[in-house]
Amino acid sequence: MKWIPQEVETYLNAKEYVDTAVIPIYSLSFGEEMKQSAAAFEFISLLTGYLERQFTGRILMFPPFTYLKNNHMDQVISELLKWEETVLKSEFKHIFYITSELDWRMFENRIDGSLIWLPALPLGNMSESQKIELVESQVKQLLSIFTQKWSNNE
């Protein structure tokens, strides 16, 4: 389910079935890194959109956690931990963070949720059908990660 009024209402009526929060993580960069930042955003946005459709009724796709790339990571993690605490208090059993930011792999032991890092694949020069094919293959791999995590914790 997406973070839109109709689907949030559906979530509120079926909370006992929706036990997983998915939070995309993006950094914003400017200057020379701006294009790379935009490419990562495009890739993760497409990926999480397909993921949400695969697991409608089991996951709630949260708005992205976005921060400035030049911010100190301790501040960024502190803010993410506030999100995490609030989400867990809202009765979600699982939190998955999805990002293309390599830096997060160094800090994944500081968060309770599951971090999924994927390198941003440049979609800019691909046709729509190529983008869809690539993203669908990535989502298939994520499906097994999600189902494995769910089966280990149930």
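Parameters and conventions
- Residues numbered from 1 in each chain as written.
- Predicted model: local features only at pLDDT ≥ 70, side-chain atom pairs only at ≥ 80, totals over all residues.
- Heavy atoms only, no water.
- Helix = DSSP H or I, 4+ residues; strand = E, 2+ residues; numbered from the N terminus.
- Contact = heavy atoms within 4.5 Å.
- Patch = residues over 30% accessible without salt bridge, like charges linked within 9 Å, V, L, I, M, F, W, Y side chains within 5 Å.
- Areas by Shrake-Rupley, 256 points an atom, 1.4 Å probe, with all protein chains shown as cover.
- Salt bridge = Lys/Arg side-chain N within 4 Å of Asp/Glu carboxyl O.
- Buried < 20%, exposed > 50% of the residue type's maximum accessible area, 1.4 Å probe, protein only.
- Core = buried A, V, L, I, M, F, W, Y, C linked by side-chain atoms within 4.5 Å.
- Axes fitted to C-alpha atoms, helices over the stretch in contact; angles between N-to-C directions.
- Parallel < 35°, antiparallel > 145°, perpendicular 65-115°, else oblique.
- Left-handed = near helix turned anticlockwise from the far one by under 90°.
- Nonpolar A, V, L, I, M, F, W, Y, C, P; charged D, E, K, R; others polar.
- pLDDT = per-residue confidence, 0-100.
- Phe/Tyr/Trp six-rings, centres within 6.5 Å; stacked < 30°, edge-to-face > 60°.
- Lys NZ or Arg CZ within 6 Å of the ring centre and 35° of its normal.

Thoughts on the environment of isoleucine 145
Here isoleucine 145 is to be found in helix H4 (residues 128-153). Sequence spacing of isoleucine 145 and serine 114 is 31 residues, and the spatial spacing of their C-alpha atoms is 9.8 Å. What isoleucine 145 contacts, discounting residues up to four positions off in sequence, is Phe96 and Ile116.

Here's the deal with a nonpolar patch on the surface
Where nonpolar side chains cluster on the molecular surface, the patch consists of Leu28, Phe30, Met34 and Leu68 and spans about 380 Å² of accessible area. Looking at the secondary structure, you find methionine 34 in helix H2 (residues 34-54).

Re the environment of leucine 121
In this structure, leucine 121 sits in the loop between strand S5 (114-117) and H4. On the basis of relative accessible area, leucine 121 is assigned to the partly exposed category, the value being 23%. Taking the C-alpha atoms as reference, leucine 121 lies 9.6 Å from lysine 131; in sequence the two are 10 residues apart. Each residue touching leucine 121, except ones within four places of it in the same chain, is listed here: Phe43, Leu134 and Gln138.

A short note on the nonpolar core
Buried together is how nonpolar side chains tend to be arranged in soluble globular proteins. Counting residues in each nonpolar core, the largest one holds 22 residues, and the members touching the most others are Phe65, Phe92, Tyr97 and Trp104. Of all elements in the fold, only strand S1 (20-28), strand S3 (65-68), helix H3 (73-89) and strand S4 (94-99) reach the threshold of two or more residues within this core. Ranked by residue count, the leading element in this core is H3, at 5 residues. Excluding its chain neighbours within four sequence positions, the residues that come into contact with tryptophan 104 are Ile25, Phe65, Tyr67, Met73, Val76, Ile77, Leu80, Thr99 and Leu115. Of all hydrophobic cores here, the second largest spans 21 residues; its members include Ile98, Ile116, Leu134 and Trp150.

Here we look at the pattern of salt bridges
By the definition in use, this model includes 8 salt bridges. Among the ionic pairs, aspartate 19 bridges to arginine 58, the shortest N-O distance being 2.8 Å. Of this pair, aspartate 19 sits in the loop between helix H1 (5-13) and S1 while arginine 58 sits in the loop between H2 and strand S2 (59-61); the two residues are 39 residues apart in sequence, bridging distant segments of the chain. You can call aspartate 19 buried: its relative accessible area is 8%. Ionic pairing is found between lysine 131 and glutamate 42, a salt bridge with its closest N-O pair at 3.2 Å. Residue lysine 131 is found in helix H4, and its partner glutamate 42 is found in helix H2; the two are separated by 89 residues along the sequence.

Some thoughts on the packing of H2 against H4
Each pair of packed helices gets described by two things: the angle between the helix axes and the distance between those axes. Taken N-terminus to C-terminus, the directions of H2 and H4 make an angle of 60 degrees; their axes are 9 Å apart at the nearest point. With respect to each other, H2 and H4 are oriented oblique. By crossing handedness, the relation of H2 to H4 is classed as right-handed. When H2 is examined against H4, the residues Glu42, Phe43, Leu46, Leu47, Tyr50, Leu51 and Gln54 are found in contact with a partner set consisting of Lys131, Ile132, Val135, Glu136, Gln138, Val139, Leu142, Leu143 and Phe146. Among the residues making up the contact of H2 with H4, the classes are represented as 11 nonpolar, 2 polar and 3 charged.

Here we look at the confidence of the model for the chain
In this model, the chain carries a mean pLDDT of 90, and residues with pLDDT of at least 70 account for 99%. S4 holds the highest mean pLDDT among the elements of the chain, 96, whereas H4 holds the lowest, 87.

Describing the packing of aromatic side chains
On inspection of all chains with the given rule, the structure shows 11 aromatic pairs. Seen from their ring centres, phenylalanine 65 and tyrosine 67 are 6.2 Å apart, and the 35 degrees between their planes marks the pair as tilted. In this structure phenylalanine 65 comes out as buried when scored by relative accessible area, which is 4%. One aromatic cluster in this structure is built from Trp3, Tyr11, Phe62 and Phe92. Directly above the ring of tryptophan 150 sits arginine 58, whose terminal nitrogen or CZ lies 3.8 Å from the centroid.

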